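Overview (structure and organization)
What follows is each chain in one-letter form.
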Amino acid sequence: MKYPTSSEGVDPAFPGPWDQYKFSPASRTQYPVRIHRTTGIVENEANLLDFKSTIIRSLPDTNGIKYSHPYSSITLDFGKEVCGPVTLRSGPSSTHQTAALAYAESSQWVGFDSDNATSLRTHVLDGHFEFEIGPDETYTVPIEKQRGGYRYLTIFSKTSDAILEIKEVSAYFTSMPHWRNLRAYPSYFFSNDELLNRLWYASAYTNQLSTLAKDQSRRCEIDSGWLTNAICCTSGDTVITDAPRRDRTVWAGDFAIVVWSQFATIGDSISMRNALDTLFDIQSDKGQFPWAGPPICHDSRSDLAKSEHWPYMSDSYHLWTMLVARHFYHLTGDLDWLKGKWENIVLGMQLAISRFRSDEGLYYCAGALDWGRTSVEGFNLSCNILFHETLLKMAPLAVLLGSTDLATKWSEVASTLKPNLEKLWDPVAGLYIDNLNAPDLHPQDGNSLACWFDIADQGRADIITTNLKTRWGPFGPVNPECSGPVSPFISGFELQALVHANKMNDALEMIRRTWGWMINNPASTGSTMLEAWGGDGEIKYPFYKDKPSYISHCHPWSTGPVLLLTFELLGLNFTDAGGKYWEFKPSPGDLEHCEGGFTGPCGKYSAGWKKTRENGKITFSCWLQAPEGTVGRVRVPVFANGCGQNGIAEKNDVKYETENGYRWLDGVLGGERHHFVF
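Owing to the predicted nature of the structure, the values given are computational and were not obtained by experimental measurement. Residue numbers run consecutively from 1 along every chain, following the written order of its sequence. Per-residue local features are limited, in this predicted model, to residues with pLDDT of at least 70; the limit for side-chain atom pairs, both in listing and counting, is 80 or more; totals at the level of whole chains, interfaces and linings are taken over all residues. Note: side-chain values were computed over all heavy atoms of the structure, leaving out hydrogens and water.

Secondary structure elements follow DSSP: runs of H or I of four or more residues count as helices, runs of E of two or more count as strands, with numbering from the N terminus. Across its full length, the protein carries 13 helices and 32 strands. Throughout, radius of gyration means the C-alpha value; the globule benchmark is 2.2 Å times the number of residues raised to the power 0.38. Relative to the 2.2 N^0.38 estimate, which gives 26 Å for 678 residues, the radius of gyration of the protein is 26 Å and therefore close to what a compact globule would have. Taking the principal axes of its C-alpha atoms as reference, the protein extends roughly 85 × 65 × 50 Å. Relative accessibility under 20% of the residue-type maximum defines a buried residue, over 50% an exposed one, and the middle range a partly exposed one, all with a 1.4 Å probe and only protein chains included. A total of 678 residues make up the protein; the buried ones form 62% of that total. A separation threshold of at least 6 residues defines the contact pool for the protein, and within that pool the share at least 24 residues apart is 73%. Accessible surface area values rest on a Shrake-Rupley calculation with a 1.4 Å probe, where residue burial reflects the displayed protein chains alone. As displayed, the protein offers around 24500 Å² of accessible surface, 49% of which is attributable to carbon and sulfur atoms. His residues and chain termini do not enter the charge count, which takes Lys and Arg as positive and Asp and Glu as negative. By convention, charge coordinates are those of NZ in Lys, CZ in Arg, CG in Asp, or CD in Glu. The protein carries 61 positive and 78 negative side-chain charges, and their two centres are separated by 3 Å. When checking whether two residues touch, look at their non-hydrogen atoms; a contact exists if any pair is within 4.5 Å.

Before going further, it helps to spend a moment on the packing of aromatic side chains. When the centres of two rings from Phe, Tyr and Trp lie within 6.5 Å, Trp using its six-membered ring, the rings pair. Their planes under 30 degrees apart give stacked, over 60 give edge-to-face, and anything left gives tilted. For the structure on display, the rule yields 52 aromatic pairs. Joined through ring pairs, the aromatic side chains of F14, W18, Y21, Y185, Y188, F189, F190, W200 and Y201 make up one cluster. Criterion for a charge above a ring: Lys NZ or Arg CZ within 6 Å of the ring centre, and within 35 degrees of the ring normal. The ring of Y364 carries R357 above its face, with NZ or CZ at 4.3 Å from the centroid.

A few words on the nonpolar core. Residues belong to a common nonpolar core when they are buried Ala, Val, Leu, Ile, Met, Phe, Trp, Tyr or Cys residues joined through side-chain atoms within 4.5 Å. If you look at the biggest cluster of nonpolar residues, it comprises 170 residues, and the most contacted ones within it are F255, W320, F387, W410 and F584. Residues contacting F387, with those up to four places away along its chain left out, are L319, A352, I353, F356, Y363, V413 and L417. In terms of nonpolar packing, the next biggest core, distinct from the first, is built from 24 residues, I56, L88, Y150 and A171 among them.

All right, on to the side chain of S106 then. If you trace the backbone, S106 turns up in the loop between β7 (97-104) and β8 (129-133). One polar contact links the side chain of S106 to the main-chain amide nitrogen of Q108, over a distance of 3.0 Å. Here A523 takes part through its backbone oxygen, which lies 2.7 Å from a polar atom of the side chain of S106. With residues near it in sequence (within four places) discarded, S106 still touches Y152, A523 and H553. Whenever two N or O atoms come within 3.5 Å, that pair is a polar contact, provided that in protein one can donate a hydrogen and the other can accept it, and provided that, for residues adjacent in sequence, both atoms are side-chain atoms.

Packing of helix α10 (residues 458-469) against helix α11 (residues 488-500) leaves a shortest axis separation of 9 Å and a crossing angle of 135°. Between α10 and α11, the angle is such that the two are oblique. Once α10 is placed against α11, the crossing between them reads as left-handed. Touching Q458, T465, L468 and K469 of α10 are E494, A497, L498 and H500, all from α11. Class assignment for the residues of the contact of α10 with α11 results in three nonpolar, three polar and two charged. Where helices are involved, their axes are fitted lines through C-alpha atoms of the stretch in contact, as for all axes, and angles between N-to-C directions lie from 0 to 180°. When describing relative orientation, an angle under 35 degrees is termed roughly parallel and one over 145 degrees roughly antiparallel, while 65 to 115 degrees is termed roughly perpendicular and anything else oblique. Crossing chirality is assigned from the near helix's rotation relative to the far helix, an anticlockwise turn below a right angle marking it left-handed and a clockwise turn marking it right-handed. Throughout this entry, Asp, Glu, Lys and Arg are counted as charged residues, while Ala, Val, Leu, Ile, Met, Phe, Trp, Tyr, Cys and Pro are counted as nonpolar. The remaining residues, Gly among them, count as polar.

Our focus in this paragraph is helix α2 (residues 255-265). Burial runs high along α2: eleven of the eleven residues are buried. Buried within α2 we find F255, A256, I257, V258, V259, W260, S261, Q262, F263, A264 and T265. Backbone geometry just downstream of α2 places G267 in the positive-phi region, at approximately 55°.

It is worth spelling out the sheet that holds strand β32 (residues 673-677) at this point. A pair of strands counts as paired when DSSP detects no fewer than two bridges linking them. Taken together, five strands build an open sheet; the order of strands is β12-β25-β26-β27-β32 and the sheet is antiparallel. Each edge of the open sheet is held by one strand with a lone partner, namely β12 (188-191) and β32. Along the sheet, successive strands turn relative to each other by an average axial angle of 10°, direction set aside. With eight bridges connecting them, strand β25 (residues 593-600) and strand β26 (residues 603-614) associate as antiparallel partners. Each bridged residue has a counterpart across the sheet, and for C594 the counterpart in β26 is W609.

The next thing to look at is the sheet that holds β8. Here five strands make up an open sheet; going across it, the order is β2-β5-β10-β7-β8 and the pairing antiparallel. The strands lining the two open edges of the sheet, one partner per strand, are β2 (34-39) and β8. Sheet twist, expressed as the average angle between the axes of neighbouring strands with direction ignored, equals 30°. Bridge count between strand β5 (residues 73-84) and strand β10 (residues 147-157): seven bridges; the pairing is antiparallel. What sits directly across from T75, in β10, is T154.

This brings us to the pattern of salt bridges. Should a side-chain nitrogen of Lys or Arg be within 4 Å of a carboxyl oxygen of Asp or Glu, the pair is scored as a salt bridge. Under the criterion given, the structure shown has 34 salt bridges. The salt bridge involving R219 is made with E221; its shortest N-O contact spans 2.6 Å. R219 gets classed as partly exposed once you look at its relative accessible area, which sits at 24%. A cluster of three or more residues bridged by salt bridges with shared partners is formed by E105, D115, D126, R147 and R245.

As a further point, take the confidence of the model for the protein. Known as pLDDT, the predictor's confidence for each residue is given on a scale from 0 to 100. Confidence in the prediction for the protein averages 94 pLDDT; 96% of positions are at 70 or higher. Segment residues 1-9 is flagged for pLDDT under 50; beyond a separation of four residues in sequence, or across chains, it makes 23 contacts in the model. Ignoring residues within four places in sequence, the model shows residues 642-652, a span with pLDDT below 50, making 22 contacts including any to other chains.

Right, let's talk about empty space enclosed by the protein for a bit. Only protein atoms enter the 1 Å grid, on which a cavity is a set of points fitting a 1.4 Å probe that cannot get out and a pocket is an open set with protein on both sides within 12 Å along at least 5 of 7 lines, lining residues being those with an atom within 4 Å of a point. Grid points are joined across faces, edges and corners, and a volume is the space filled by probe spheres set on the points. For the structure shown, the criterion picks out four cavities of 30 Å³ or more. For the second largest cavity, the calculated volume is near 80 Å³. Taken together, 13 residues make up the lining of the second largest cavity; nearest its centre are W320, D370, W371, L449 and F493. At the level of secondary structure, the elements contributing two or more residues to the lining of the second largest cavity comprise α5 (315-332), α7 (381-400), α9 (444-452) and α11. Grouping the amino acids of the lining of the second largest cavity by side-chain chemistry returns eight nonpolar, three polar and two charged.

Attention now moves to the environment of L431. Here L431 lies in strand β18 (residues 431-432). Overall, the relative accessible area of 5% leaves L431 in the buried class. Between the alpha carbons of L431 and W200 there is a distance of 31 Å; along the sequence they are 231 residues apart. Discounting residues that sit within four places of it in the chain, L431 has contacts with L424, W425, D426, H442, N447, I464, N467, L468 and R471.

Following P294, the chain continues to P295 via a peptide bond in cis, the omega torsion being 5°. At the junction of W310 and P311, the peptide bond is cis and its omega measures out at -5° in the coordinates. One can find P311 in the loop between α4 (296-299) and α5. Despite not being glycine, N44 shows a phi value in the positive range, around 55°. Within the secondary structure layout, N44 lies in the loop between β3 (41-43) and β4 (54-57). Assessed through its relative accessible area of 48%, N44 is described here as partly exposed. Phi is positive for D161, which is not a glycine, with a value near 55°. Relative to the assigned elements, D161 resides in the loop between β10 and β11 (163-172).

Where α2 meets helix α3 (residues 269-281), the closest approach of the two axes is 10 Å, and the angle between their N-to-C directions is 155°. When the axis of α2 is compared with that of α3, the two are roughly antiparallel. Between α2 and α3 lies a crossing whose hand is left-handed. Two secondary-structure elements touch here, α2 through F255, V258, V259 and Q262 and α3 through S269, M272, A275, L276 and L279.

It is worth spelling out the pairing of β26 at this point. Connecting the antiparallel pair β25 and β26 is a turn made up of two residues. The hairpin turn running from β26 into strand β27 (residues 617-625), its antiparallel successor, is two residues long, and N615 in that turn takes a positive phi close to 55°.

Printed below as a string of structure tokens:
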């Protein structure tokens, strides 16, 4: 079977008015759109935007004038996150000099030194990039000194009495190198909510910017400046990483969200497969998958990397690697790939099962590391739920591949584990505790996973999500297991918890409050998804302590809204590996209309729905189109104000029946566009 990606074409799979929301550039050559600021002596600064001369004059040394900044400079704003090497063209009045560039993702860190991206080690600073230039020259930053993600570029001269005449500045987009047309999305989303549209396409752009050539990762062993010439994948030529600025590295835990959001937006199975191959290729002899991929797993100089167990220090990321491998197979139907990884998965599962303690009936988490939160060592809630989910999802694959004995064993362990999770339930708080050794901490991650992965039944999911909502502040849900930030990564888990509790309106409220604040914040890029921020609205992250500018403003793990918008609100999903069987089950919430689609191994899937109000009633109409040779079912809501009738009816030779507040239509064939009105 062929597994298509949009790299095979130059046109989007679903062109339409929603293309206006795409942040992806039409050309890889990107130009600034405004002047953010100037310092010192700068003449005709606006000229530069029209490819005319702007003059920067070095500050005089001896005229008695005191300047508020050490250099004359101009800071250019590209209007959104961009990437890649800068090219600068000088004019005839320029003198020979040493010029410099400083980069920032956020306006908060605009200055003469770049925001920090190389290392969390206190003494390592990125500083600025210096180069030599004279009159009528064109200078391009070497590819190994490119900056992976920035919105603001500050240009200044370090030579006394210099004149720098600039006629043109551009940046060359190096992310997503295997796509000829960066706007050729294989997917789309469109609704009556402008904010949700913007967030979906900002998520797509975030995933795109974070997809790199394999030999352009960040070097992490250097002591100053930055280099982007490290190898970050062991298979293929491109790979999706955690972020374009830093770390430019594969992290398995991030893929809990990204494997789904990347499929739903840019659909680049090639780069996702290469990322997973990389994690499998560096699995330990004992079966442990790493916390981080290369180059961090090999070259990190952090205190953590001094451990003899480095980089095999995370149970959760070990489990996520296997679970995400299952999800990748589900989305692509690539059975040959799964077969090639099965021996590794079995070894990884054997290691995980060895950590199941029969005396407690729970999984013992030996590795302290997770997504940046406090230690999960011990009988941790989220690791136990993740272990249970991995057992359940791997058992059918074992049957598929002829290992029924393994399937039986894994199912039995899951059955033993689940009732013992009651040891972590706190009926007074109406939430699970974090760990048998941490009874006073009620985490966002584990409680959200309990709902997402159906550990909690419907009644308990309602209780959990109600109590989690009490932590929502004006900037989003405050996360207690990581010293109080808003984590859009873990809040993506909570969105799924709300869906499983049938609280779509609450989920939409959380998106608008949390991610809406983020994308509209003047210190944000306005085009990509921020890694985290403080519960007080400050852009900071406790995990980064003394280096607040280290925070990433383009982080795919924060794209959780895509999962809700495409797979739940729109409601289009595969029900088997590769999409031969599918399901369309809209959950409209407070929206009036929505449509979208994606491309899978069998072809293009698209659907839409709309509410029409007339005479006090809501008419719900929907349509869908799936590839020929596929079969699906449709589920639509029955509204309380009289839309539709209960019981069984027949329409256009398609039978449907009403159950639990929804109408179900089975046996809908792909190959043509279907319309339904209720």
